[in-house]
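Chain by chain, the residues:
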Amino acid sequence: MAWARLAGVAMALMALSSAAHADATIPIKDIAGVKDNPMLKRYEGSFIVSGASSAFTDFKVPLSKLEQTDKRDTMNNVLFAPKQEQEVEGAFTRLVYVTPANRSPLEVLRNYQDEIEAAGGSVLFACKTEGCGGAHTRASSGGGGESSLMMYFFHEADIKDGSFSNGACAVTGTISDQRFFAAKLPRPGGEAYVTVQTYQLGDNTYCAALTGRTVAVVHIVEPRSREKKMTEVKAQEMARSLGSTGKIALYGILFDTNKTEIKPESAATLQEIATLMKSDAKLAVIVVGHTDNQGGYDYNVDLSRRRADAVIKALAADYKLDAKRFRAAGVGMVAPVASNDAEEGRSQNRRVELVKLN
(Lines give C-alpha, C1' and ligand atoms only; values in the text may rest on other atoms or scores of the structure.)
Protein backbone atom coordinates (compact mmCIF):
# COMPACT_ATOMS: atom_id res chain seq x y z
CA MET A 1 0.00 0.00 0.00
CA ALA A 2 2.85 2.38 0.88
CA TRP A 3 4.51 1.76 -2.47
CA ALA A 4 1.19 2.32 -4.20
CA ARG A 5 0.75 5.64 -2.44
CA LEU A 6 4.32 6.70 -3.34
CA ALA A 7 3.74 5.75 -6.95
CA GLY A 8 0.56 7.77 -6.95
CA VAL A 9 2.36 10.80 -5.55
CA ALA A 10 5.12 10.46 -8.16
CA MET A 11 2.57 10.28 -10.97
CA ALA A 12 0.79 13.34 -9.60
CA LEU A 13 4.05 15.28 -9.46
CA MET A 14 4.84 14.29 -13.04
CA ALA A 15 1.41 15.45 -14.11
CA LEU A 16 1.89 18.78 -12.37
CA SER A 17 5.30 19.19 -13.99
CA SER A 18 3.82 18.52 -17.41
CA ALA A 19 1.02 20.98 -16.73
CA ALA A 20 3.50 23.67 -15.74
CA HIS A 21 4.61 24.05 -19.34
CA ALA A 22 3.44 23.23 -22.82
CA ASP A 23 5.93 21.76 -25.23
CA ALA A 24 6.52 23.50 -28.54
CA THR A 25 4.21 22.70 -31.42
CA ILE A 26 4.25 23.43 -35.14
CA PRO A 27 2.72 26.94 -35.27
CA ILE A 28 -0.43 27.33 -37.34
CA LYS A 29 -1.19 30.96 -36.50
CA ASP A 30 0.43 34.08 -35.06
CA ILE A 31 0.47 34.58 -31.29
CA ALA A 32 -2.23 36.92 -30.03
CA GLY A 33 -1.65 40.67 -29.94
CA VAL A 34 1.34 40.76 -32.30
CA LYS A 35 1.35 41.59 -36.00
CA ASP A 36 3.77 42.40 -38.80
CA ASN A 37 5.41 45.77 -38.99
CA PRO A 38 3.97 47.34 -42.16
CA MET A 39 7.47 48.40 -43.20
CA LEU A 40 8.64 44.83 -43.86
CA LYS A 41 6.72 41.78 -45.08
CA ARG A 42 7.21 38.32 -43.59
CA TYR A 43 8.58 35.28 -45.39
CA GLU A 44 5.58 33.48 -46.91
CA GLY A 45 4.14 30.75 -44.69
CA SER A 46 5.87 32.00 -41.51
CA PHE A 47 4.14 32.57 -38.19
CA ILE A 48 4.98 35.03 -35.42
CA VAL A 49 5.85 33.17 -32.20
CA SER A 50 7.29 36.04 -30.13
CA GLY A 51 7.35 39.82 -30.23
CA ALA A 52 8.24 42.97 -28.34
CA SER A 53 7.83 46.68 -29.01
CA SER A 54 8.44 50.11 -27.54
CA ALA A 55 7.12 53.51 -28.60
CA PHE A 56 10.57 55.02 -28.18
CA THR A 57 13.90 53.52 -27.17
CA ASP A 58 17.55 53.27 -28.17
CA PHE A 59 18.98 50.37 -30.14
CA LYS A 60 22.47 49.37 -31.22
CA VAL A 61 23.08 48.10 -34.75
CA PRO A 62 26.28 46.04 -35.18
CA LEU A 63 28.34 47.07 -38.19
CA SER A 64 31.25 44.67 -37.75
CA LYS A 65 32.05 41.23 -36.37
CA LEU A 66 31.67 40.67 -32.62
CA GLU A 67 35.08 40.54 -30.93
CA GLN A 68 36.10 39.45 -27.46
CA THR A 69 36.31 42.12 -24.75
CA ASP A 70 37.58 42.06 -21.17
CA LYS A 71 34.04 42.46 -19.83
CA ARG A 72 31.24 40.06 -18.91
CA ASP A 73 27.54 40.37 -19.57
CA THR A 74 24.66 40.01 -17.09
CA MET A 75 24.81 36.20 -17.42
CA ASN A 76 28.56 36.06 -16.71
CA ASN A 77 29.40 35.32 -20.32
CA VAL A 78 32.61 36.70 -21.78
CA LEU A 79 31.26 39.70 -23.64
CA PHE A 80 31.75 39.89 -27.40
CA ALA A 81 30.95 43.23 -29.01
CA PRO A 82 31.51 44.88 -32.39
CA LYS A 83 34.15 47.54 -32.81
CA GLN A 84 31.76 49.37 -35.11
CA GLU A 85 28.12 49.95 -34.24
CA GLN A 86 25.40 52.51 -34.87
CA GLU A 87 23.20 53.62 -31.99
CA VAL A 88 19.77 54.75 -33.12
CA GLU A 89 16.57 55.87 -31.41
CA GLY A 90 12.93 55.55 -32.35
CA ALA A 91 9.94 53.20 -32.36
CA PHE A 92 11.18 49.65 -31.78
CA THR A 93 9.76 46.32 -32.96
CA ARG A 94 11.11 42.79 -32.50
CA LEU A 95 9.37 39.93 -34.29
CA VAL A 96 10.35 36.25 -34.15
CA TYR A 97 9.07 34.03 -36.96
CA VAL A 98 9.12 30.27 -37.43
CA THR A 99 9.33 29.62 -41.17
CA PRO A 100 7.89 26.65 -43.12
CA ALA A 101 9.67 23.31 -43.13
CA ASN A 102 12.64 22.72 -45.43
CA ARG A 103 13.59 26.40 -45.74
CA SER A 104 17.26 27.17 -45.18
CA PRO A 105 18.48 30.19 -43.17
CA LEU A 106 20.20 31.53 -46.30
CA GLU A 107 17.05 31.27 -48.42
CA VAL A 108 14.98 33.14 -45.84
CA LEU A 109 17.66 35.79 -45.34
CA ARG A 110 18.00 36.44 -49.08
CA ASN A 111 14.25 37.06 -49.34
CA TYR A 112 14.46 39.70 -46.61
CA GLN A 113 17.42 41.30 -48.37
CA ASP A 114 15.39 41.43 -51.58
CA GLU A 115 12.61 43.27 -49.75
CA ILE A 116 15.05 45.79 -48.27
CA GLU A 117 16.65 46.51 -51.62
CA ALA A 118 13.29 46.75 -53.38
CA ALA A 119 12.27 49.42 -50.87
CA GLY A 120 15.39 51.48 -51.63
CA GLY A 121 17.37 50.32 -48.61
CA SER A 122 20.96 49.17 -48.35
CA VAL A 123 22.77 46.50 -46.37
CA LEU A 124 25.33 47.95 -43.95
CA PHE A 125 26.86 44.72 -42.61
CA ALA A 126 26.38 41.00 -43.20
CA CYS A 127 27.94 37.87 -41.74
CA LYS A 128 27.41 34.14 -41.31
CA THR A 129 28.23 31.39 -38.77
CA GLU A 130 31.55 31.98 -36.97
CA GLY A 131 32.17 35.05 -39.14
CA CYS A 132 29.64 36.90 -36.98
CA GLY A 133 31.85 36.46 -33.91
CA GLY A 134 31.04 35.21 -30.45
CA ALA A 135 29.35 31.89 -29.77
CA HIS A 136 27.76 31.25 -33.16
CA THR A 137 25.87 28.12 -32.02
CA ARG A 138 24.16 29.85 -29.08
CA ALA A 139 20.97 31.87 -29.19
CA SER A 140 19.86 33.95 -26.18
CA SER A 141 20.20 31.34 -23.43
CA GLY A 142 23.00 30.42 -21.08
CA GLY A 143 25.73 31.86 -18.91
CA GLY A 144 29.37 31.34 -18.04
CA GLY A 145 30.55 30.89 -21.63
CA GLU A 146 30.87 33.30 -24.52
CA SER A 147 28.14 35.72 -25.54
CA SER A 148 26.40 35.30 -28.88
CA LEU A 149 25.10 37.60 -31.59
CA MET A 150 21.57 37.27 -30.24
CA MET A 151 22.81 38.15 -26.74
CA TYR A 152 24.05 41.41 -28.23
CA PHE A 153 20.37 42.28 -28.66
CA PHE A 154 18.70 40.46 -25.76
CA HIS A 155 19.02 37.60 -23.27
CA GLU A 156 16.62 34.81 -22.40
CA ALA A 157 15.52 36.75 -19.31
CA ASP A 158 14.13 39.48 -21.59
CA ILE A 159 11.72 37.05 -23.27
CA LYS A 160 8.22 37.02 -21.80
CA ASP A 161 6.99 33.87 -23.54
CA GLY A 162 6.30 30.84 -21.37
CA SER A 163 8.89 28.10 -20.87
CA PHE A 164 9.05 25.66 -23.80
CA SER A 165 6.50 27.69 -25.76
CA ASN A 166 7.14 28.23 -29.45
CA GLY A 167 8.44 31.72 -28.70
CA ALA A 168 10.87 30.58 -26.01
CA CYS A 169 12.04 27.58 -28.03
CA ALA A 170 12.70 29.76 -31.07
CA VAL A 171 15.26 31.95 -29.29
CA THR A 172 16.92 29.57 -26.81
CA GLY A 173 19.01 26.45 -27.06
CA THR A 174 21.49 25.58 -29.78
CA ILE A 175 21.41 26.87 -33.34
CA SER A 176 23.29 26.27 -36.56
CA ASP A 177 23.92 27.95 -39.91
CA GLN A 178 23.46 31.43 -38.46
CA ARG A 179 23.03 34.26 -41.00
CA PHE A 180 22.71 37.99 -40.32
CA PHE A 181 22.49 41.40 -41.93
CA ALA A 182 21.92 44.98 -40.79
CA ALA A 183 20.40 47.51 -43.15
CA LYS A 184 18.89 50.98 -43.33
CA LEU A 185 15.80 52.18 -45.15
CA PRO A 186 14.81 55.70 -46.18
CA ARG A 187 11.64 56.85 -44.44
CA PRO A 188 9.71 60.15 -44.54
CA GLY A 189 10.92 61.14 -41.07
CA GLY A 190 14.48 59.91 -41.48
CA GLU A 191 16.25 56.56 -41.79
CA ALA A 192 14.89 53.33 -40.34
CA TYR A 193 17.22 50.49 -39.33
CA VAL A 194 16.56 46.78 -39.71
CA THR A 195 18.44 43.69 -38.56
CA VAL A 196 17.53 40.17 -39.64
CA GLN A 197 19.05 37.05 -38.07
CA THR A 198 18.18 33.59 -39.38
CA TYR A 199 19.32 30.18 -38.16
CA GLN A 200 18.28 26.56 -37.87
CA LEU A 201 17.09 25.24 -34.51
CA GLY A 202 18.90 22.31 -32.91
CA ASP A 203 17.39 19.36 -31.07
CA ASN A 204 15.80 20.10 -27.69
CA THR A 205 13.61 17.71 -25.72
CA TYR A 206 10.75 20.10 -25.03
CA CYS A 207 11.16 21.92 -28.36
CA ALA A 208 11.40 18.82 -30.54
CA ALA A 209 8.54 19.91 -32.80
CA LEU A 210 10.67 22.80 -34.06
CA THR A 211 13.92 20.91 -34.54
CA GLY A 212 15.41 21.77 -37.92
CA ARG A 213 13.09 24.70 -38.54
CA THR A 214 14.53 28.03 -39.64
CA VAL A 215 13.80 30.99 -37.40
CA ALA A 216 13.93 34.64 -38.43
CA VAL A 217 14.47 37.30 -35.75
CA VAL A 218 13.68 40.76 -37.12
CA HIS A 219 14.42 44.07 -35.38
CA ILE A 220 13.08 47.34 -36.76
CA VAL A 221 13.72 50.84 -35.43
CA GLU A 222 11.68 53.58 -37.11
CA PRO A 223 12.42 57.31 -36.80
CA ARG A 224 10.17 58.96 -34.26
CA SER A 225 10.45 62.14 -32.21
CA ARG A 226 10.76 61.66 -28.47
CA GLU A 227 8.01 63.07 -26.30
CA LYS A 228 9.70 65.69 -24.14
CA LYS A 229 7.81 65.31 -20.90
CA MET A 230 10.27 64.31 -18.20
CA THR A 231 13.35 66.05 -19.57
CA GLU A 232 12.50 69.73 -19.42
CA VAL A 233 12.61 70.26 -15.67
CA LYS A 234 12.84 73.96 -14.80
CA ALA A 235 15.08 75.40 -12.11
CA GLN A 236 12.06 76.30 -9.95
CA GLU A 237 10.84 72.69 -10.01
CA MET A 238 14.31 71.47 -9.09
CA ALA A 239 14.37 73.85 -6.13
CA ARG A 240 10.94 72.71 -4.94
CA SER A 241 11.87 69.04 -5.13
CA LEU A 242 15.20 69.55 -3.38
CA GLY A 243 13.38 71.44 -0.64
CA SER A 244 10.63 68.85 -0.14
CA THR A 245 12.36 65.51 -0.82
CA GLY A 246 16.05 66.40 -0.90
CA LYS A 247 16.52 65.19 -4.46
CA ILE A 248 15.38 65.55 -8.07
CA ALA A 249 15.63 62.99 -10.90
CA LEU A 250 16.66 64.38 -14.28
CA TYR A 251 16.21 62.59 -17.61
CA GLY A 252 17.45 65.37 -19.84
CA ILE A 253 21.17 64.68 -19.43
CA LEU A 254 21.89 62.13 -22.12
CA PHE A 255 24.79 59.82 -22.96
CA ASP A 256 25.40 57.26 -25.67
CA THR A 257 25.50 53.65 -24.49
CA ASN A 258 28.65 52.93 -22.45
CA LYS A 259 29.93 56.49 -23.03
CA THR A 260 30.56 59.42 -20.67
CA GLU A 261 30.45 62.24 -23.21
CA ILE A 262 27.36 64.39 -22.64
CA LYS A 263 25.17 64.66 -25.75
CA PRO A 264 24.48 68.17 -27.12
CA GLU A 265 20.71 67.89 -26.49
CA SER A 266 21.48 67.92 -22.75
CA ALA A 267 22.21 71.67 -22.84
CA ALA A 268 18.69 72.73 -21.77
CA THR A 269 18.82 70.68 -18.55
CA LEU A 270 22.38 71.80 -17.77
CA GLN A 271 21.27 75.42 -18.19
CA GLU A 272 18.43 74.88 -15.69
CA ILE A 273 20.87 73.38 -13.18
CA ALA A 274 23.08 76.44 -13.63
CA THR A 275 20.09 78.74 -13.06
CA LEU A 276 19.21 76.80 -9.91
CA MET A 277 22.74 77.01 -8.50
CA LYS A 278 23.10 80.74 -9.30
CA SER A 279 19.76 81.49 -7.62
CA ASP A 280 21.02 80.08 -4.30
CA ALA A 281 24.69 80.75 -3.70
CA LYS A 282 24.73 78.49 -0.60
CA LEU A 283 23.31 75.43 -2.33
CA ALA A 284 25.58 72.41 -2.79
CA VAL A 285 24.49 69.13 -4.36
CA ILE A 286 25.63 65.58 -5.01
CA VAL A 287 25.39 64.62 -8.68
CA VAL A 288 24.44 60.93 -8.72
CA GLY A 289 24.66 58.78 -11.84
CA HIS A 290 22.27 55.85 -12.28
CA THR A 291 22.19 53.06 -14.89
CA ASP A 292 19.94 50.14 -15.76
CA ASN A 293 21.07 46.55 -15.09
CA GLN A 294 22.56 45.91 -18.54
CA GLY A 295 26.20 45.05 -17.95
CA GLY A 296 28.23 44.08 -14.90
CA TYR A 297 27.79 45.63 -11.47
CA ASP A 298 31.30 47.06 -11.08
CA TYR A 299 31.27 48.36 -14.65
CA ASN A 300 27.96 50.19 -14.16
CA VAL A 301 29.01 51.74 -10.86
CA ASP A 302 32.20 53.04 -12.46
CA LEU A 303 30.35 54.26 -15.57
CA SER A 304 27.72 56.11 -13.52
CA ARG A 305 30.42 57.78 -11.41
CA ARG A 306 32.32 58.94 -14.49
CA ARG A 307 29.10 60.32 -15.97
CA ALA A 308 28.46 62.27 -12.77
CA ASP A 309 32.01 63.64 -12.99
CA ALA A 310 31.34 64.66 -16.61
CA VAL A 311 28.24 66.61 -15.55
CA ILE A 312 30.19 68.51 -12.90
CA LYS A 313 33.00 69.30 -15.33
CA ALA A 314 30.48 70.62 -17.87
CA LEU A 315 28.77 72.82 -15.28
CA ALA A 316 32.10 74.24 -14.17
CA ALA A 317 33.57 74.75 -17.65
CA ASP A 318 30.52 75.85 -19.62
CA TYR A 319 28.41 77.59 -16.96
CA LYS A 320 31.16 79.00 -14.72
CA LEU A 321 29.94 77.27 -11.55
CA ASP A 322 32.29 76.46 -8.68
CA ALA A 323 33.08 72.74 -8.87
CA LYS A 324 33.47 72.71 -5.07
CA ARG A 325 29.69 73.05 -4.76
CA PHE A 326 29.27 69.57 -6.28
CA ARG A 327 30.15 66.03 -5.32
CA ALA A 328 30.03 63.13 -7.76
CA ALA A 329 28.62 59.70 -6.95
CA GLY A 330 27.79 56.67 -9.07
CA VAL A 331 25.47 53.93 -7.87
CA GLY A 332 24.99 51.99 -11.09
CA MET A 333 21.88 49.83 -10.94
CA VAL A 334 21.40 49.71 -7.15
CA ALA A 335 18.55 52.25 -6.88
CA PRO A 336 16.01 51.46 -9.63
CA VAL A 337 12.73 53.34 -9.82
CA ALA A 338 11.17 50.75 -12.17
CA SER A 339 11.63 47.12 -13.21
CA ASN A 340 14.63 46.38 -15.40
CA ASP A 341 12.80 43.49 -17.05
CA ALA A 342 11.65 45.65 -19.97
CA GLU A 343 13.05 48.65 -21.85
CA GLU A 344 10.30 50.94 -20.59
CA GLY A 345 11.54 50.42 -17.03
CA ARG A 346 15.22 50.49 -17.92
CA SER A 347 14.77 53.89 -19.56
CA GLN A 348 13.44 55.27 -16.27
CA ASN A 349 16.40 53.87 -14.36
CA ARG A 350 18.95 55.58 -16.60
CA ARG A 351 19.04 59.04 -15.03
CA VAL A 352 21.04 61.68 -13.20
CA GLU A 353 19.87 62.80 -9.78
CA LEU A 354 20.71 65.89 -7.78
CA VAL A 355 20.77 65.28 -4.03
CA LYS A 356 20.88 68.26 -1.67
CA LEU A 357 24.16 68.40 0.24
CA ASN A 358 23.40 71.48 2.36
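Residues numbered from 1 in each chain as written. Predicted model: local features only at pLDDT ≥ 70, side-chain atom pairs only at ≥ 80, totals over all residues. Heavy atoms only, no water.

## A word on the state of the cysteines
To be explicit about the condition: The disulfide definition used here is simple: a pair of cysteine sulfur atoms within 2.5 Å.
Applying the stated criterion to the full structure yields 2 disulfides. Put simply, Cys-127 and Cys-132 are joined by a disulfide, and their sulfur atoms are 2.1 Å apart. Here the S-S torsion is close to 100°, and the disulfide linking Cys-127 with Cys-132 is therefore right-handed. Paired through a disulfide, Cys-169 and Cys-207 show a sulfur-sulfur distance of 1.9 Å.

## Quick look at the environment of Asp-158
In plain terms, the rule: Strands here are runs of E lasting at least two residues and helices are runs of H or I lasting at least four, both read from the DSSP assignment and numbered beginning at the N terminus. Classification of residues uses two cut-offs on accessible area relative to the type maximum, computed with a 1.4 Å probe and protein chains only: under 20% is buried, over 50% is exposed, and between them is partly exposed. Should any heavy atoms of two residues lie within 4.5 Å, those residues are considered in contact.
Note that Asp-158 resides in the loop between helix 3 (149-153) and helix 4 (166-170). Exposure remark for Asp-158: the relative accessible area of 19% places this residue in the buried category. Between the C-alpha atoms of Asp-158 and Thr-172, which are 14 residues apart in sequence, the distance is 12 Å. For Asp-158, the residues in contact, after removing those within four places along its chain, are Arg-94, Asp-341 and Arg-346.

## Comments concerning the pattern of salt bridges
This is how it is decided: Salt bridges are identified by distance alone: a Lys or Arg side-chain nitrogen within 4 Å of an Asp or Glu carboxyl oxygen.
A full pass over the atoms with the stated rule returns 16 salt bridges. We note a salt bridge from Arg-42 to Asp-30, for which the minimum N-O separation is 2.7 Å. Here the residue Arg-42 occupies a position in the loop between helix 1 (2-19) and strand 1 (47-62), and Asp-30 occupies one in the loop between helix 1 and strand 1, the gap between them amounting to 12 residues. According to the relative accessible area criterion, Asp-30 is partly exposed, its value standing at 25%. Asp-309 is paired through a salt bridge with Arg-305; the nearest N and O atoms lie 3.5 Å apart. Taken together, the positions of Asp-309 and Arg-305, both in helix 7 (residues 297-319) and 4 residues apart, correspond to about one turn of that helix. Looking at Arg-305, the relative accessible area reads 40%, which means it is partly exposed. A cluster of three or more residues bridged by salt bridges with shared partners is formed by Glu-89, Asp-256, Lys-263 and Glu-265.

## Some words on the confidence of the model for the protein chain
Applicable threshold: Every residue gets a pLDDT, meaning the predictor's confidence in that residue, from 0 to 100.
Of all residues in the protein chain, 92% have pLDDT values of 70 or greater, and the mean over the chain is 90. Across the protein chain, strand 10 (residues 285-290) holds the top mean pLDDT of 98, while helix 1 sits lowest at 42. Taken as a whole, residues 1-20 scores under 50 in pLDDT and shows 0 contacts with residues more than four places along the chain or in a different chain.

## Brief notes about the packing of aromatic side chains
Let me state the cut-off plainly: Aromatic pairing here means that ring centres of Phe, Tyr or Trp (its six-membered ring) are within 6.5 Å. Orientation follows from the plane angle: under 30 degrees is stacked, over 60 is edge-to-face, and everything else is tilted.
Here the structure, examined in full by the defined rule, presents 6 aromatic pairs. Look at Phe-59 and Phe-153: their rings are 5.6 Å apart centre to centre, the planes differ by 10°, and that puts the pair in the stacked class. Of this pair, Phe-59 sits in strand 1 while Phe-153 is found in helix 3, placing the two residues 94 residues apart along the sequence. On the basis of relative accessibility, which here comes to 9%, the residue Phe-59 falls in the buried class. Plain terms: the ring middles of Phe-153 and Phe-180 are 6.1 Å apart, the flat faces sit at 35° to each other, and that makes the pair tilted.

## A look at the environment of Ala-284
With respect to the helices and strands, the residue Ala-284 is situated in the loop between helix 6 (267-279) and strand 10. When the C-alpha atoms of Ala-284 and Lys-263 are compared, they prove to be 24 Å apart, with 21 residues separating the residues in sequence. If we ignore the near neighbours within four places in the chain, the residues touching Ala-284 are Met-277, Arg-325, Val-355, Lys-356, Leu-357 and Asn-358.

## Quick look at the layout of surface pockets
Test applied: Points on a 1 Å grid over protein atoms alone make up a cavity when a 1.4 Å probe fits among them but cannot get out, and a pocket when they form an open set with protein on both sides within 12 Å along at least five of seven lines; lining residues each have an atom within 4 Å of a point. Grid points are joined across faces, edges and corners, and a volume is the space filled by probe spheres set on the points. Asp, Glu, Lys and Arg are counted as charged, while Ala, Val, Leu, Ile, Met, Phe, Trp, Tyr, Cys and Pro are counted as nonpolar; the rest, among them Gly, fall into the polar class.
Quantified by volume, the second largest pocket comes out at close to 230 Å³. Among the elements that line the lining of the second largest pocket, the one with the most residues is strand 4 (residues 85-98), at 5 residues. In terms of residue class, the lining of the second largest pocket is built from 1 nonpolar, 3 polar and 7 charged.

## Focus: the environment of Gly-143
Structurally, the position occupied by Gly-143 is in the loop between strand 5 (122-128) and helix 3. Here Gly-143 is in contact with Met-75, Asn-77 and Arg-138, once residues within four sequence places are set aside.

## What to know about helix 6
What counts, and what does not: A helix's residues, less one, multiplied by 1.5 Å, set its expected span.
Over its 13 residues, helix 6 runs 18 Å from end to end, which matches the ideal 18 Å to within 8%, given 1.5 Å per residue. Of all the residues in helix 6, the buried ones are Thr-269, Leu-270, Glu-272, Ile-273, Ala-274, Leu-276 and Met-277. Residues of helix 6 that are buried sit in contact with helix 5 (235-244), strand 9 (247-250), strand 10, helix 7, strand 11 (326-332) and strand 12 (351-356).

## Looking at the nonpolar core
What counts is decided by this rule: Buried Ala, Val, Leu, Ile, Met, Phe, Trp, Tyr and Cys residues form a nonpolar core when they are joined through side-chain atoms within 4.5 Å.
Judged by nonpolar contacts, the single largest core of 35 residues is most densely connected at Val-171, Phe-180, Tyr-199, Val-215 and Val-217. Setting aside residues up to four positions removed in sequence, Tyr-199 forms contacts with Pro-105, Met-150, Ala-170, Val-171, Ile-175, Ser-176, Asp-177, Gln-178, Arg-213, Thr-214, Val-215 and Val-217. Formed by 27 residues, the second largest nonpolar core is a distinct cluster that contains Val-233, Met-277, Val-285 and Ile-312.

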